[in-house]
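This is what each chain is made of:
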Amino acid sequence: MSQQKNPQAADNAETGAYDPAASSLADTVQDEVMAELLSIRSSIDNFDATLVYLLAERFKATQRVGHLKAVHALPPSDPGREKAQIERLRRLAQEAHLDPEFAEKFMNFIISEVIRHHNNISATHAESGN
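These figures come from a predicted structure and were not determined experimentally.

Look at helix H4 (residues 100-128): 42 Å from first C-alpha to last across 29 residues, which is about the 42 Å you get at 1.5 Å a residue. Pro-100, Ala-103, Met-107, Ile-110, Ile-111, Val-114, His-117, His-118, Ile-121 and His-125 are the residues of H4 that are buried. Turning to H4, the residues buried within the fold contact helix H2 (31-71) and helix H3 (79-95). For H4, the N-terminal capping position is held by Asp-99, with its side-chain oxygen 3.0 Å away from the main-chain nitrogen of Glu-101. Gly-129 lies just past H4 and shows a positive phi near 75°.

Laid out in structure tokens, this is it:
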């Protein structure tokens, strides 16, 4: 059981860059097991990056909603919309074989962040007198 070597590992440690081969398991598992683990983790890393970029795009859209609400003095929260979205995402999660409870918790977190952003946008809009 030898440790998988990544020639960029030393550079990554020095620069703070992400090391996709970082693992505390490298000395404890067979090489072929470690190689498969790293391969699967590479896919997970790609999914994580996609999620981050998708969330960034989603929040850009919700920022636009926040500005529209601020201009027209609409409340930051829309409980009817939020309830419908949570119900919709629970159904989608079930269809996708994802735990609906997890989907609801995740959506509630996103909604709370959106409302926080909308409150900040409304406050800034009110301060500027627009």
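Once you've had a look at it, read on.
So, about a nonpolar patch on the surface. Together, Ile-40, Ile-44 and Phe-47 make up an exposed nonpolar region whose accessible area comes to about 310 Å². Mapping Ile-44 onto the fold places it in helix H2.

Enumeration over the complete set of coordinates arrives at 5 salt bridges. One salt bridge connects Glu-101 with Arg-90, and the closest N-O pair in it is separated by 3.3 Å. Taken together, the residues span a long stretch of sequence, with Glu-101 in helix H4 and Arg-90 in helix H3 at a distance of 11 residues. Since its relative accessible area comes to 25%, Arg-90 is described here as partly exposed. The residue Arg-90 makes a salt bridge to Glu-104 at a minimum N-O spacing of 2.6 Å. In this pair, Arg-90 sits in helix H3 while Glu-104 sits in helix H4, placing the two residues 14 residues apart along the sequence.

Here we come to the layout of surface pockets. Of the pockets and cavities examined, the largest pocket occupies roughly 470 Å³. Lining the largest pocket are 16 residues, and of these Leu-89, Leu-98, Ala-103, Phe-106 and Met-107 lie nearest its centre. Mapped by element, the contributors of at least two residues to the lining of the largest pocket are H2, H3 and H4. Taken together, the residues of the lining of the largest pocket break down into 13 nonpolar, 1 polar and 2 charged. Space inside the second largest pocket adds up to approximately 280 Å³. What lines the second largest pocket is a set of 14 residues, and nearest its centre among them are Arg-58, Thr-62, Arg-81, Val-114 and His-118.

Inspection of every chain in the model, using the stated rule, returns 1 aromatic pair. Between Phe-102 and Phe-106, the ring centres sit 6.1 Å apart and the planes meet at 15°, which makes this aromatic pair stacked. With a gap of 4 residues between them, Phe-102 and Phe-106 both fall in helix H4, about one helical turn apart.

The rules we used
- Residues numbered from 1 in each chain as written.
- Predicted model: local features only at pLDDT ≥ 70, side-chain atom pairs only at ≥ 80, totals over all residues.
- Heavy atoms only, no water.
- Helix = DSSP H or I, 4+ residues; strand = E, 2+ residues; numbered from the N terminus.
- Expected span 1.5 Å × (residues − 1).
- Buried < 20%, exposed > 50% of the residue type's maximum accessible area, 1.4 Å probe, protein only.
- Contact = heavy atoms within 4.5 Å.
- Polar contact = N/O pair within 3.5 Å; in protein donor to acceptor, adjacent residues only side chain to side chain.
- Patch = residues over 30% accessible without salt bridge, like charges linked within 9 Å, V, L, I, M, F, W, Y side chains within 5 Å.
- Areas by Shrake-Rupley, 256 points an atom, 1.4 Å probe, with all protein chains shown as cover.
- Salt bridge = Lys/Arg side-chain N within 4 Å of Asp/Glu carboxyl O.
- 1 Å grid on protein atoms, 1.4 Å probe; cavity = no way out; pocket = protein on both sides within 12 Å on 5 of 7 lines; lining within 4 Å.
- Points joined across faces, edges and corners; volume = space filled by probe spheres on them.
- Nonpolar A, V, L, I, M, F, W, Y, C, P; charged D, E, K, R; others polar.
- Phe/Tyr/Trp six-rings, centres within 6.5 Å; stacked < 30°, edge-to-face > 60°.

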